[in-house]
Amino acid sequence: MICLTLSSPTIEGCLGEIERNREYIDMVELRADLLDESELENAKEFPSRSSFPAILTIRRTVDGGRYEKSEKDRRELFLSLLDGGFSYVDIESDVKRSDVEKKAKEMGVRIIRSYHDFEKVPDDIFSRIYRLKEHGDVAKVAVTPRSFQDVFTLFRIEEELKDVPKIVIGMGEFGIPTRILYKRVGSMLTFVSDGEVAPGQISPRLMKTLYRADKVDDRTAIYGVIGNPIGQTSSPKIHNLGFHAINFNAIYVPFLVDSIRQFFAFAEYVKMRGFSVTVPFKVDVLSYLGNISREVKQIGSCNTVVRVPGMWKGINTDYYGFIKPIEKDLDDGKIRNALVIGAGGASLAIVWALRNRGVKVTILNRTLSHAERVAKMNICQYDRIENASKYSGKVDLVVQTTSLGMSPNEGASPIPDFKFTGNEIAYDIIYKPKMTKFLQDAERAGSSLRFGSQMLLEQGKLQFMAFSGYYYPSWIDPEV
Ligand code: ATR
């Protein structure tokens, strides 16, 4: 079930939230602690007006809520609202047996016994869940993983406590996979919100239509992307839309990772079929792979890992993704000389790809020694970035691979003095924003443009094929 946590200060506002998200949710949680004082008397009518099963929660400040009055007042509020027809009531683990519990039982309202930890995942999480269940109908733990290992611990709960009705939530950015794969964690429901009520919550629309989290079953294949940070990735959009379009029973999840070793152990545990790899792990994954493609071997970096019998195999689709938007120009012999700006990880794959297609490359970089390193690996030229203008009119392609032009450096170009003639192709691998300062300068001169979003989509399509064995559906535009 997908449960919408309501955050409006008024009942009308809450009903509005429900209306906006009606098609994406199965259940709602009324947070009476977030309601204005004057609204509390209307709260009793809420369940009959909401048309969804409702959880009643009055969260104290110690548990991350806003209820500041005494425990006695809170108890009275619970008692006055319980008549309203709520399906569940959330009572925290440290609340002693009380008249609230008694009344809930009389009214047939099921009791969720909850435990919150905003700092960590407690060591005794398994036995804690067990104890919570002894004092209610459903055990709820909302805890905060601080590492990927903690996330892995939450995924092991189901194996240990299969028969315990429970709600398990990993809060914060590490916890996001536990929210999306809530069914694999053994959680009865996942919480979503219209705004962000708790750290890491995902919008109802994304949870239902992009991730289709409620459709995950025992046979759903799990794919994902690992990185650190991971917030900006567009890959879940590309792959989940693709899986959906071809009716492939699979889900693609973003994983914030701090230990590659732990992630590989997790991937084995949940029987992942493959995953994308982004910064900073494209080199670190190599030592876990039993088989690598020629590109990975030569470029020294891997952005795609797939399961093959008995081992993990690494391929590099960045290379293909980069080439695809200029492939025709290469085939037509229109690109003989190229300037590549930057000498980081992305530049490495790009320089290799261009050299592989017989293009003469000059690398320009702020730190000359970095440029020298990439140049030596690929047998090409390098120069100081300040000398960019000297190459004006002498190259067919200029590729921008640095982070300049992306937030927080929007509006900056690494080669502001370079004069585009209009005859060259300008290619920026940044995809947010689509139109960088570098591309604007090129467009003004009449140069032909290539966008980072094209590269991203093409590398994703090849990855999709490696993951699923099917072509990326041609009728889909994930608008990355
Ligand atoms: P990626 O793997 O995405 O290429 P990276 O390895 O951090 O990322 O590489 C960043 C590239 O952007 C490098 O070429 C870097 O130049 P240095 O080698 O001199 O560090 C370049 N870069 C980053 N910020 C820059 C800036 N403010 N001006 C010029 N170049 C910059």
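Residues numbered from 1 in each chain as written. Predicted model: local features only at pLDDT ≥ 70, side-chain atom pairs only at ≥ 80, totals over all residues. Heavy atoms only, no water.

### Looking at the sheet that holds strand E19 (residues 425-428)
Reading across the sheet, the six strands line up as E17-E16-E15-E18-E19-E20 and stay open at both edges, with parallel pairing between neighbours. In this open sheet, the two edge strands, each paired with only one partner strand, are strand E17 (381-384) and strand E20 (448-450). Put simply, the sheet's adjacent strands are angled 20° from each other on average, direction ignored. Relative to strand E16 (residues 360-365), strand E15 (residues 337-341) is paired through five bridges, and the arrangement is parallel. If you follow Ile341 over to E16, its bridge partner there is Leu364. Together, E16 and E17 form the strand contacts of helix H15 (residues 368-378), whose direction differs from that of E17 by roughly 175°. (Pairing = 2+ DSSP bridges. Helix = DSSP H or I, 4+ residues; strand = E, 2+ residues; numbered from the N terminus. Axes fitted to C-alpha atoms, helices over the stretch in contact; angles between N-to-C directions. Contact = heavy atoms within 4.5 Å.)

### Overview of the domain arrangement of the protein chain
The domain boundaries assigned to the protein chain delineate domain 1 (2-116 + 177-215), domain 2 (225-319 + 458-468) and domain 3 (330-455). Of note, the centres of domain 2 and domain 3, computed from C-alpha atoms alone, are 27 Å apart. Contacts between domain 2 and domain 3 engage eleven residues on the former and nine residues on the latter. Carbon and sulfur atoms make up 53% of the area that domain 2 and domain 3 hide from each other, which totals about 970 Å². Elements supplying a minimum of two residues to the side of domain 2 that touches domain 3: helix H11 (294-299), helix H12 (317-323) and helix H17 (452-468). Broken down by element, the side of domain 2 that touches domain 3 gets its largest block of residues, four residues, from H11. (Domains from an automatic or database assignment. Buried area = accessible area lost by both parts, 1.4 Å probe.)

### Describing helix H9 (residues 235-245)
All of the buried residues along H9 are Ser235, Pro236, Ile238, His239, Asn240, Gly242 and Phe243. On its buried face, H9 is in contact with helix H8 (204-210), strand E9 (221-227), strand E10 (250-256), strand E11 (274-277) and H17. Following H9 by one or two positions, Asn247 has its phi on the positive side, about 60°. (Buried < 20%, exposed > 50% of the residue type's maximum accessible area, 1.4 Å probe, protein only.)

### Re the sheet that holds E10
Spatially, the six strands line up as an open sheet ordered E10-E9-E11-E13-E14-E12, and their pairing is mixed. A single partner strand is all that each edge strand has here, and the edge strands are E10 and strand E12 (291-292). Of the strand pairs in this sheet, E11 and strand E13 (residues 304-308) are connected by three bridges, and their pairing is antiparallel. Bridged to Ser276 within E13 is Thr304. Against the sheet, H9 contacts E9, E10 and E11, and its axis sits at roughly 170° relative to E10.

### A closer look at the site of the ligand
By nearness alone, every residue bordering the ligand is listed as Gly342, Ala343, Gly344, Gly345, Ala346, Asn365, Arg366, Thr367, His370, Thr402, Ser403 and Leu404. A distance of 3.0 Å separates an oxygen atom of the ligand from a polar atom in the backbone of Gly345. Between the ligand and the protein, one listed contact pairs an oxygen atom with a side-chain N or O atom of His370 at 2.6 Å. (Near = heavy atom within 4 Å. Polar contact = N/O pair within 3.5 Å; in protein donor to acceptor, adjacent residues only side chain to side chain.)

### Remarks on the pairing of E13
Relative to strand E14 (residues 311-315), E13 runs antiparallel, the two being bridged by five bridges. Looking across to E14, one finds that Val305 is bridged to Gly314. Count of turn residues in the E13/E14 antiparallel hairpin: two residues, of which Gly310 carries a positive phi of about 80°.

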